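Residues per chain are reported as follows:
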Amino acid sequence: MSEWWTYRLTSFLLFSPRTYYRLIELYNLAIWPAQLAGIAIGLAILGLLIGKRRHCERIIAGLLAVCWLWIALAFHYQRYAQINWAATWFAVAFGCEALLLVVVGVLANRLAFQTARGGVAWLATSIIAVAVVGYPLLAALTGRPWTAAEMFGVAADPTAIASVAVLALVRGRIRWLLLVIPVLWCAVAAATLWAMNAPQGWIVLAAGLLALWPALLGSPHDAAAAMR
Amino acid sequence: MWSRRRALRMLAAAGACAVLRPPATASAQSRTVLTRPIPSSGEALPVVGLGSWITFNVGDDPVARDACTDVMRHFVAAGGRMIDSSPMYASSQDVIGYGLHKAALTERIFSAEKVWTSSGAQGHEQIERSRQKWQVRRFDLLQIHNLLAWQEHLPTLFAMKAAGQVRYVGITTSEGRRHRDIEQLMRSQAIDFVQVTYNPVDREVEERILPLARDRDIAVIVNRPFRQGALLRALARQPLPPWAADIDCASWAQVVLKFIVSHPAVTCAIPATSNVAHVRENMNAAYGRLPDGALRSRIIAAMERA
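Description of the structure in this document.

**Here we look at the overall build of chain B**
Inference 1: Of the regular secondary structure elements, chain B holds eleven helices and nine strands.
Inference 2: A globule of 306 residues ought to have a C-alpha radius of gyration of about 19 Å, and chain B, at 18 Å, matches this closely.
Inference 3: Along the longest, intermediate and shortest principal axes, the C-alpha atoms of chain B span 55 × 55 × 30 Å.
Inference 4: Here chain B, with 306 residues, has 49% of them falling under the buried criterion.
Inference 5: Summarising the internal contacts of chain B: among those between residues at least 6 apart in sequence, 78% fall at separations of at least 24.

The structure is reproduced here in structure tokens:
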């Protein structure tokens, strides 16, 4: 791209805020009641993280993979790509994340979560709860209809925020491999919302960074020790 | 020796004089749409067209598609002809095709499209896809979007023009980018159109590109007349001055458009909107009197205060 410094964030926004939220509204109407399944998956992940049930790592990875794959196909590829040609690549990225979760988390069973106690775990579970239950409320709080609410499991932003919170609790370097796409999506979503002058851009970025905090604390052993 | 271009230019100038009368003699009651000739052919184009950047990218939302169709219907009913789009504008091409077909406007518009791919080999294929989306027999104008891969696309477009597959060839830029390259192509290539950003705030093109366009008989399309609405939002705080009535303007949008199209090198400005009231307001700027030099200076001063 020549003279790249002359481009602003808004130069890359291909649609109006009204079109974007209308797209989400029509998507929600088309997939209803899949949103209920999304919320159920979110609450199940939360319960599994707190309860530390047997095989919970595999189940959590599998549930997250289902959400990422759904969003890749039903949202990015089928809907968002209509108004944003880059969404085809977003679909590929979300599909890759789903594949990583299946390979690393389900098939190889390489996910081991930090003990769900202490301030770090409290922060992670709080962010997941906010992403699942609180994020949909933003629609009403910002003057949009309930039908345009973005729900965990079927909408990209709350799913990415919750995924960062979950994956930041994973022990070992493998977590960084799984965190790349969710963290990048938080940045892309925040940039898109800023370009639309939507205040929730700050919320997505702040939630994404906060959710990343456990992974940034240090080595997994240090983090685990801090939680005991 | 008189070239065809030179002869057409003289005819075009005569045509322009017939329509773009000076303020002192123009009638405020006139309902003849203001037109400018395309220098390379003499064909008259209404001075206000319709852009589709952002505004027509509404996906497959049936309500929004019908709203865009209404905009096109009112645009054509008010005398408008040029509708401009690009493969870069996502679903805008589909929405234009939907509206043109539904409102039976295909034969009444001047279709301006672009080629936007870094691969010269894919240019022809992309143009054909665009044509199918518009549902037109051929495009009136094909432009190279932001000069992307112009070395490869320009021969393709000239070949298409020679074969009667497109009527005019052009190049585009926006927001002041690559003006040196634009100038170089205007000097060296037999293009019919150039598309640039111009408004009372962004006036860099007045120095070289607009005079060059007149000198080289190249039609000028003006994009971003309102800086994507920012100019009008800033002006909304100011009351419309009394002198706006002297050029038959009832809004700042009309003042800005009349400033743009009163430049003698400008052929057509292409404001984008998805609002019927706005397209009607914009099209009213294609009627009545235009500002003279003194009034143009007052418009610039008003913009600088905003």
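Let us keep going from here.
**Focus: the nonpolar core**
Inference 1: Among the nonpolar cores identified, the biggest contains 161 residues, and Ile161 and Val164 of chain A together with Val220 of chain B are the most heavily contacted of them.
Inference 2: If one sorts the elements of this core by residue count, helix H3 (residues 56–83) of chain A sits on top with 13 residues.
Inference 3: Discounting residues that sit within four places of it in the chain, isoleucine 161 of chain A has contacts with Ile127, Ala131, Cys186, Val204, Ala207, Gly208 and Ala211 of chain A.

**Side note on helix H2 (residues 62–77) of chain B**
The α-helix winds at 3.6 residues per turn, so residues separated by three or four positions along the chain end up facing the same way.
Inference 1: A rise of 1.5 Å per residue sets the reference length of H2 of chain B, with its 16 residues, at 22 Å; its end C-alpha atoms lie 22 Å apart and thus fit the reference within 8%.
Inference 2: The set of residues buried in H2 of chain B consists of Ala64, Cys68, Val71, Met72, His74, Phe75 and Val76 of chain B.
Inference 3: Buried residues along H2 of chain B sit in contact with helix H1 (17–31) of chain A together with strand E3 (82–84), helix H3 (92–102) and helix H10 (276–284) of chain B.
Inference 4: Looking one or two residues beyond H2 of chain B, the residue adopting positive phi is glycine 79 of chain B, at roughly 105°.

**Things to note about the sheet that holds strand E4 (residues 110–115) of chain B**
Residue and element names in this part refer to chain B.
Inference 1: Pairing in this open sheet of seven strands is parallel, and the strands run E3-E4-E5-E6-E7-E8-E9 from one edge to the other. Each edge of the open sheet is held by one strand with a lone partner, namely E3 and strand E9 (268–269).
Inference 2: Summarising the sheet, strand E8 (residues 219–223) and E9 pair through two bridges and their orientation is parallel. Looking across to E9, one finds that valine 222 is bridged to alanine 269.

**Section: the interface of chain A and chain B**
Inference 1: Facing the 14 residues of chain A at the interface are 13 residues of chain B.
Inference 2: Mapped by element, the contributors of at least two residues to the side of chain A that touches chain B are H1 and H3 of chain A.
Inference 3: Here the side of chain A that touches chain B is composed, by residue class, of six nonpolar, six polar and two charged.

**With respect to the environment of glutamine 238 of chain B**
All names here are of chain B.
Inference 1: By the element assignment, glutamine 238 lies in the loop between helix H8 (230–235) and helix H9 (252–261).
Inference 2: Once the C-alpha coordinates of glutamine 238 and alanine 301 are considered, the two residues, 63 residues apart in sequence, prove to be 13 Å apart.
Inference 3: When near neighbours in sequence (up to four residues on either side) are disregarded, glutamine 238 contacts Ala302 and Ala306.

The rules behind these values
Residues numbered from 1 in each chain as written. Chains lettered and ligands numbered in written order. Predicted model: local features only at pLDDT ≥ 70, side-chain atom pairs only at ≥ 80, totals over all residues. Helix = DSSP H or I, 4+ residues; strand = E, 2+ residues; numbered from the N terminus. Rg over C-alpha atoms; globule rule 2.2 N^0.38 Å. Buried ≥ 20, exposed ≤ 12 C-beta atoms within 10 Å, placed from the backbone. Contact = placed C-beta atoms within 7 Å. Core = buried A, V, L, I, M, F, W, Y, C linked by C-beta atoms within 7 Å. Expected span 1.5 Å × (residues − 1). Pairing = 2+ DSSP bridges. Nonpolar A, V, L, I, M, F, W, Y, C, P; charged D, E, K, R; others polar.

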